Amino acid sequence: MNPSRSGYVGLLYAAPALLFVAVFVLYPLAQLFVTSLTNSSLLGGGEFIGWRNYLRAYRDATFWQALVFTCKYTLIITPILMILGYGLALLTLSANRLGKLTRAVVFLPVVIGLGSSSFLWFWLFDEQVGLVNKLLQDVHLIAHPIVWFVDANLGLAAVIASIVWKVVGFGMILFIAALQAIDAEVNEAALIDGASYWRRILHIALPLTSRAILLTTLVSAIGSMLAFDQFYVMTAGGPESQTFTSLYWIYQNSFIYFKLGYGATLSVILMAIILSGSTLQLLLMRRGRGT
Amino acid sequence: MGRSNWLRGGALIAALAASSIAGPAIAAETLTMWVRASAANAAPHLVDLWNSGHADKIALTVIPDNQMVSKLATGVKAGEVPDVISFDLIYMPDFMRAGFLTDITDQMKADPNFAKVAPAFTNLATYKDRIYGTGFTPDVSILIYNKDLFRKAGLDPDKPPKTLDQIHEDAKKIRALGSDIYGFYFSGACPGCNIFTTSPMMVAAGAKILPRNGDEEPLDGPGVKQVLQLFRDMWTEGLIPKSAQADNGANFTANFKSGKVGIQGAGGFLISDLKKDAPNLDFGVAFLPGAKEGQASAFVGGDVVAIPKGSKHADIALQFIKWELTDEAQLEGLAKNNILPSRVDLADNKYFQSEPRFVTTAKAVGIGYVPWVFHFNDMVNSDSSPWIQMIEAAVFDGKVDESIAAAKAKMKDIASD
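> Provide a residue-level description of the overall build of chain A, including the pertinent values.
A tally of regular secondary structure across chain A gives 13 helices and zero strands. Along chain A, from the amino end to the carboxyl end, the secondary structure elements read α-α-α-α-α-α-α-α-α-α-α-α-α. Dimensions of chain A along its principal axes, counting C-alpha atoms only, are 80 × 70 × 35 Å. Among the 291 residues that make up chain A, the fraction classed as buried is 33%.

> Tell me about the overall build of chain B, and name the residues and values.
In terms of regular secondary structure, chain B is built from 19 helices and twelve strands. Summarising its shape, the C-alpha atoms of chain B cover approximately 100 × 50 × 30 Å along the three principal directions. For chain B, buried positions account for 51% of its 417 residues. Long-range pairs, those at least 24 residues apart, make up 74% of the contacts in chain B with a sequence separation of at least 6.

> Any details on the pairing of strand β12 (residues 300-306) of chain B? Residues and values, ideally.
Residue and element names in this part refer to chain B. Counting buried positions along β12 yields seven of seven residues, so the element is predominantly enclosed. Here four bridges tie strand β3 (residues 84-88) to β12, and the two strands are oriented antiparallel to one another. Bridge pairing in β12 links I85 to A306. By the bridge criterion, six bridges tie strand β6 (residues 134-146) to β12 in an arrangement that is antiparallel. Across the sheet, P138 pairs through a bridge with G302, a residue of β12.

> Tell me what's going on with the packing of helix α7 (residues 152-180) of chain A against helix α10 (residues 210-225) of chain A, and back it up with residues and numbers.
Residues and elements named next belong to chain A. Following both chains from N to C, one finds α7 and α10 inclined at 165 degrees, their axes separated by 10 Å at the closest point. When the axes of α7 and α10 are compared, the pair comes out roughly antiparallel. Considering how the two elements wind past one another, α7 and α10 form a crossing that is right-handed. From α7, G171, L174, F175 and A178 reach across to α10, where they touch A212, T216 and S220. Taken together, the residues of the contact of α7 with α10 sort by class into four nonpolar, three polar and no charged.

> Kindly report on the pairing of strand β1 (residues 30-36) of chain B, identifying the contributing residues and their values.
Residues and elements named next belong to chain B. Among the seven residues in β1, five count as buried, and that is most of the element. With seven bridges joining them, β1 and strand β2 (residues 57-63) adopt parallel strand pairing. In the strand pairing of β2, T32 is matched with A59. Regarding topology, helix α2 (residues 43-53) serves as the crossover connection from β1 to the parallel β2, and that connection is right-handed. With three bridges joining them, β1 and β3 adopt parallel strand pairing. Considered in β3, the bridge of V35 is made with S86.

> Which residues make up the domain arrangement of chain B, and what are the values?
Residue and element names in this part refer to chain B. Examined at the domain level, chain B breaks down into domain 1 (30-139 + 301-367) and domain 2 (140-299 + 372-415). Computed over C-alpha atoms only, the centres of domain 1 and domain 2 are separated by 28 Å. Listed as interface residues are 18 residues of domain 1 and, on the opposing side, 19 residues of domain 2. Where the side of domain 1 that touches domain 2 is concerned, the elements lending two or more residues are α4 (92-97), α6 (119-124), β6 and α16 (356-367). At seven residues, the largest contribution of residues to the side of domain 1 that touches domain 2 is made by α16. Residue classes in the side of domain 1 that touches domain 2 are distributed as nine nonpolar, five polar and four charged.

> Let's hear about the confidence of the model for chain B: which residues, and what values?
Residues and elements named next belong to chain B. Scored by pLDDT, chain B comes out at a mean of 91, with 94% of its residues at no less than 70. With pLDDT under 50 throughout, residues 15-24 is counted as low confidence; its partners more than four residues away or in other chains account for zero contacts. The ipTM for the predicted assembly is 0.73, set against a pTM of 0.80.

> Account for the confidence of the model for chain A, with residues named and values stated.
Across chain A, the average pLDDT comes to 91, with 97% of residues at or above 70. Summarising per-element confidence for chain A, the mean pLDDT is lowest in helix α13 (residues 260-290) of chain A (87) and highest in helix α2 (residues 52-59) of chain A (96).

> Give a description of the interface of chain A and chain B that names residues and reports values.
With 20 residues of chain A at the interface, the matching set in chain B holds 21 residues. Here the side of chain A that touches chain B takes three residues from helix α12 (residues 246-256) of chain A, the largest share from any one element. Here the residues of the side of chain A that touches chain B are counted per class, giving eleven nonpolar, seven polar and two charged.

> Give a detailed account of the nonpolar core, specifying residues and quantitative values.
Membership of the largest hydrophobic core comes to 190 residues, with the highest contact counts inside it found for I142, I144, F184, V227, V300 and V304 of chain B. Among the elements that line this core, the one with the most residues is α7 of chain A, at twelve residues. Among the domains, domain 1 (30-139 + 301-367) and domain 2 (140-299 + 372-415) of chain B are the pair contributing at least three residues each to this core. If near-sequence neighbours (up to four positions away) are discounted, V304 of chain B is found in contact with F87, L89, M92, F121, A125, G133, T134, G135 and F136 of chain B.

> Describe the environment of D126 of chain A, and please don't skip the residues or the numbers.
Residue and element names in this part refer to chain A. As for its placement among the helices and strands, D126 is situated in the loop between α5 (114-124) and α6 (131-138). Accessibility expressed as a C-beta count within 10 Å gives 21 for D126, which makes it buried. When the C-alpha positions of D126 and T70 are compared, they lie 24 Å apart, and in sequence the two are 56 residues distant.

> Quick one: what's the story with unusual backbone geometry, residue by residue and with numbers?
Residues G238 of chain A and P239 of chain A are joined by a peptide bond in cis, for which omega reads 0 degrees. The topology assignment puts P239 of chain A in the loop between α11 (229-234) and α12. A positive phi is found at K128 of chain B, a non-glycine position, where the angle reads about 50 degrees. Mapped onto the elements, K128 of chain B comes out in the loop between β4 (126-127) and β5 (130-131). On the neighbour-count criterion, K128 of chain B (7 C-beta atoms within 10 Å) is exposed. Positive phi outside glycine occurs at L219 of chain B, with the angle close to 45 degrees. Mapping L219 of chain B onto the fold places it in the loop between α10 (199-204) and α11 (222-236).

> Help me get a handle on the environment of T38 of chain A, residues and values and all.
Residue and element names in this part refer to chain A. With respect to the helices and strands, T38 occurs in the loop between α1 (3-36) and α2. Taking the C-alpha atoms as reference, T38 lies 33 Å from L114; in sequence the two are 76 residues apart. When near neighbours in sequence (up to four residues on either side) are disregarded, T38 contacts G46, E47, F48, I49 and G261.

> So what about the packing of helix α18 (residues 386-397) of chain B against helix α19 (residues 400-415) of chain B? Which residues, and what values?
Residues and elements named next belong to chain B. α19 packs onto α18 with a crossing angle of 175 degrees between their chain directions and a minimal axis gap of 8 Å. Accordingly, the angle class assigned to the pair α18 and α19 is roughly antiparallel. Residues P386, W387, Q389, M390, A393 and A394 of α18 lie in contact with α19, whose contacting residues are V400, S403, I404, A406, A407, K410 and M411.

What counts as what
Residues numbered from 1 in each chain as written. Chains lettered and ligands numbered in written order. Predicted model: local features only at pLDDT ≥ 70, side-chain atom pairs only at ≥ 80, totals over all residues. Helix = DSSP H or I, 4+ residues; strand = E, 2+ residues; numbered from the N terminus. Buried ≥ 20, exposed ≤ 12 C-beta atoms within 10 Å, placed from the backbone. Contact = placed C-beta atoms within 7 Å. Pairing = 2+ DSSP bridges. Axes fitted to C-alpha atoms, helices over the stretch in contact; angles between N-to-C directions. Parallel < 35°, antiparallel > 145°, perpendicular 65-115°, else oblique. Left-handed = near helix turned anticlockwise from the far one by under 90°. Nonpolar A, V, L, I, M, F, W, Y, C, P; charged D, E, K, R; others polar. Right-handed = clockwise from strand over helix to strand, strands pointing away. Domains from an automatic or database assignment. pLDDT = per-residue confidence, 0-100. Core = buried A, V, L, I, M, F, W, Y, C linked by C-beta atoms within 7 Å.

Structure follows, in structure tokens:
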């Protein structure tokens, strides 16, 4: 078979996947971009207005404030999830009963819907009936119940606690899979050489699971940049609009203010920002491995 | 074949011939009706009553509140709409302007019951002098107060506050009852709750809240500042629980139900809720007051009913709308089930005699207002609206004048869009 002929055959094999991507990813993306150049309303109608929506987004202080808040949330929660997830993976790596049970318990919240878990934590942090205040009072850490969602930082802390509980198990499972894939002989050799536990973690486990760490960090960071449900349910953007995330603001514009065109513009901008961030992260990791 | 058989046979042929001349009997239709989830408890009472007495039936579909706009918009575009629809009345101006609804002006004006519907509904359902709907399952805001706490504080439980100052004075006396007893409550981070319960006090005191267009002045009149200053004073004096600042509506009624709050604005729906959830709580209801005695107002909420453009059974849908305004539907479908009628003349009806608090609430529908504006969500309902930002900054940060000025500017900007 000549090379060009085999290329066509390969293309034919890939055609269903390409078609799927074209219909369900590329076409909606193109449509999103076209909508972003119009003043379309959820109630119908809309005309081509060029780059006016982009100019408006540039001047939209709430959007940039929401973006800064989203980045702050991502920068805080991503390391927590990674370190805690990796730590839990190391602790539950052994295949004994306790290890398996702990894994199951930590992973359990992952299968709960994000909306449901946010409601659960919203009430746990309630100043009157919530168990968090009760616990903190019982151990004498606080004298009076805290009104958590009255302060942007306290509200953010409450949301972070809920999300860590909800998703830390996902990272843990990925890390366990990566750690288990390390050849046992490498560890055995290190043991014979007298390497301590922490030395083996630092010089064997971490380098050999770096791909999994990168992937999990990337997935976690993108997920955090697209945070919506937890803030919608727990803080409703308050107090005084200080906990709006970018996606929450896009939702507000598209479905509450009916401004579909402008919502599409903000979505395109957010997508570009996330794409650039992810590419940068991948490049830095690649360069790090190269040196 | 005997003579009698010939006769029977002849009669049968004659009957068949007659039926073929008259044509086939008209088949009963089944109409589709969408109702938003918040009205899903009330609407079935009316629909069941209609179905029990009419050959044409109505099948209800409950739509989540936040999906109603997008579902109707896409339905209109695709030509797949329900035959009749009940939705949050506040979307009426937007839907009328978008051309989603059928003009029913002539039929409504010819119906004597339509003239008796609360003016708030009729005003809201009118666009460029044409009528596109009417009241369906109303709710209205009222002032609610704990009579037990009034007694303990030495106040007359049959004399609810009739001015803003009286709310303040009564709240102070109730607060003095104990460290966990509060004089007043409102959900400080809930835009919808506050347009429902706080804005009527401003309107009663002579204010105009929202502009129809960029030329109109929003938040106009001294009532706006008077109410915000009252709330600010009550907040700094500790008459309102600290938790009010973060309440986005989740605890709108929970504090009052606990029996530890003296006075608050609420909705008529709370009467039935309290009787069920807190049967031992002795409470009274009154109109939301203004600055002076005799001033009162309410926010008329709930649902309107209309016929979407493209309805396949618009004629029967119209019959249903006219029927739901009759005495039978308003009394047997609504009042009998402790739901407020949308007709003002039926506020004091036989079913409400045993519960005078319903009569007060039903009368509030007659004096109530509802803003006729586009962009209601932008100006009021969204979590970042100028309305809620004004309340938060004025009450919790003490920036009364600055917050009013900022909200005015933002509302004018939105209204000119």
